[in-house]
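This is what each chain is made of:
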Amino acid sequence: MGYRMFNPKISIAGKDFANPIWTASGTFAYGTEFEPFLDLNRVGAVIVKGLSLQPREGNPPNRIYETASGMLNSIGLQNVGMVNFVEEKLPRLKRYRTQVIANIFGKTEEEYVQIARYLDDNADIAGIELNISCPNVKEGGIEFGSKPELTYRVVASVRRAATRLPLYVKLSPNVTDIVIVARACEEGGADAVTLINTLVGMAIDVDEQRPVLSTVFGGLSGPAVKPIALRMVYQVSKALRIPVVGIGGISRWQDAVEFFLAGASAIQVGTANFYKPNAVIEILDGLIQYCERKQITSMQGLTGALKVPIEVPEIPAGG
């Protein structure tokens, strides 16, 4: 479509995107499930459900619960597996112009490497996003994203295995200092970082006097996490040289603009897809109208344009 002044196109790690409004892994299935609700050609990028070496059934129910300000989920990374995705899901999705980014996860460093190597030569994929919020079975269940040394190791290993595709790393907020983990990604060879993944939470059924989710804990997403995500995007974008993709509670164009001002080069829409399946298009249209009104001609004029005091205060220990 034509624009009067603003051009939403962006480029990250040598890959061009029609716009910076993307879908978040785990919230948009494999893309084509949303065909009845929106024009997929207008989506900047579809990040598909996390892919593993073999298909996974995920956790038993209950595994989704609506909270007062978001959603708890414990899906358990259910997916069709990397081979089935490439052979069955990807051909249909690539009938559209939208870029496809494959989110991957593994129980060991070796599994990450195997999946990344398998996907690296596929011309229909525009990038790999590592979900490092997964327990490393060889390290006693410690998440890859919880310790900078583990983060660096898995990112560097995947970078050596997958040399063609841009490498994004999706970061967990459940750490002491997300900037340190993000720097480990950059040092390991990541082309960009995505933040944030879900916060750990739980809910209790007071009548049954038991946890609502079968796994007790789940990942909290939606509006409740937005202030935390926004703060972390701002911090990381100031500390790193590589681009930051923002995610967390984005449901309106105003939310997206906040993330861009804080330093995000692109954003991902997640939980909003469940209750407003055309949210991505509404956000894109709102972003275009905002930039036209503000006489912003490109995303470079919006990303990181936040006006802040000369001295940014430290985060207070007690909130």
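Residues numbered from 1 in each chain as written. Predicted model: local features only at pLDDT ≥ 70, side-chain atom pairs only at ≥ 80, totals over all residues. Heavy atoms only, no water.

**Q** Just to check I follow, could you spell out unusual backbone geometry for this structure?
**A** Negative phi is the rule for most residues except glycine; trans is the rule for most peptide bonds. Geometrically, the link from P61 to N62 is a cis peptide bond, its omega value of -5 degrees lying close to zero. Looking at where N62 falls in the secondary structure, it is placed in the loop between β4 (45-47) and β5 (64-67). At the junction of L195 and I196, the peptide bond is cis and its omega measures out at 15 degrees in the coordinates. Along the chain, the position of I196 falls in the loop between β12 (192-195) and β13 (199-202). Located in the positive-phi region is L77, a residue other than glycine, with phi close to 60 degrees. (Helix = DSSP H or I, 4+ residues; strand = E, 2+ residues; numbered from the N terminus.)

**Q** Which parts of the structure should I look at to understand the pattern of salt bridges?
**A** A side chain of one charge can pair with a side chain of the opposite charge if their charged atoms are brought near each other. Applying the stated criterion across every chain yields a total of nine salt bridges. E35 is paired through a salt bridge with R92; the nearest N and O atoms lie 2.5 Å apart. In this pair, E35 is assigned in the loop between β3 (21-23) and β4 and R92 in helix α1 (residues 82-93), connecting sequence segments 57 residues apart. Given the relative accessible area of 21%, E35 is considered partly exposed. Ionic pairing is found between R159 and D191, a salt bridge with its closest N-O pair at 2.6 Å. Linking R159 in helix α3 (residues 148-161) with D191 in the loop between α4 (178-188) and β12, this pair joins segments that are 32 residues apart in sequence. We classify R159 as buried; its relative accessible area is 18%. Here the salt bridges share partners, and the residues they tie into one network are K226, R252, D255 and E258. (Salt bridge = Lys/Arg side-chain N within 4 Å of Asp/Glu carboxyl O. Buried < 20%, exposed > 50% of the residue type's maximum accessible area, 1.4 Å probe, protein only.)

**Q** Just to check I follow, could you spell out the packing of α4 against helix α5 (residues 226-239) for this structure?
**A** Relative placement of two packed helices is described by the angle separating their axes and the distance separating the axes. Interhelical geometry of α4 versus α5 gives an angle of 45 degrees and a closest axis separation of 10 Å. Classified by the angle between their axes, α4 and α5 sit oblique to one another. When you trace α4 past α5, the crossing you get is right-handed. Residue-level inspection shows I178, V179, A182 and R183 of α4 in contact with α5, the latter providing M232, Q235, V236 and A239. Taken together, the residues of the contact of α4 with α5 sort by class into six nonpolar, one polar and one charged. (Axes fitted to C-alpha atoms, helices over the stretch in contact; angles between N-to-C directions. Parallel < 35°, antiparallel > 145°, perpendicular 65-115°, else oblique. Left-handed = near helix turned anticlockwise from the far one by under 90°. Contact = heavy atoms within 4.5 Å. Nonpolar A, V, L, I, M, F, W, Y, C, P; charged D, E, K, R; others polar.)

**Q** I keep staring at the sheet that holds strand β16 (residues 217-221) and nothing clicks. Help me out?
**A** Across a sheet, strands are paired by hydrogen bonds formed along the backbone, either parallel or antiparallel in direction. Reading across the sheet, the four strands line up as β5-β6-β16-β13 and stay open at both edges, with antiparallel pairing between neighbours. Because the sheet does not close on itself, it has two edges, and the strands there are β5 and β13. Going from strand to strand, the sheet's axes swing by 40 degrees on average, the running direction of each strand aside. When strand β6 (residues 70-73) meets β16, the two strands line up antiparallel, connected through three bridges. Of the residues in β16, the one forming a bridge with N73 is G219. (Pairing = 2+ DSSP bridges.)

**Q** Would you mind going over the sheet that holds strand β7 (residues 99-104) with me for this structure?
**A** One closed barrel accounts for eight strands, arranged β3-β4-β7-β8-β11-β12-β17-β18; its pairing is parallel. Within the sheet, the average angular offset between the axes of one strand and its neighbour, ignoring direction, is 25 degrees. Here β12 runs beside strand β17 (residues 244-247); their pairing, made up of three bridges, is parallel. What sits directly across from L195, in β17, is G246. Where helix α2 (residues 109-120) meets the sheet, its contacts fall on β7 and β8 (127-131), and the angle it forms with β7 comes to roughly 160 degrees. This element, helix α6 (residues 253-262), spans β3, β17 and β18 (266-269) of the sheet and lies at about 145 degrees to β18.

These figures capture arrangement, not role.
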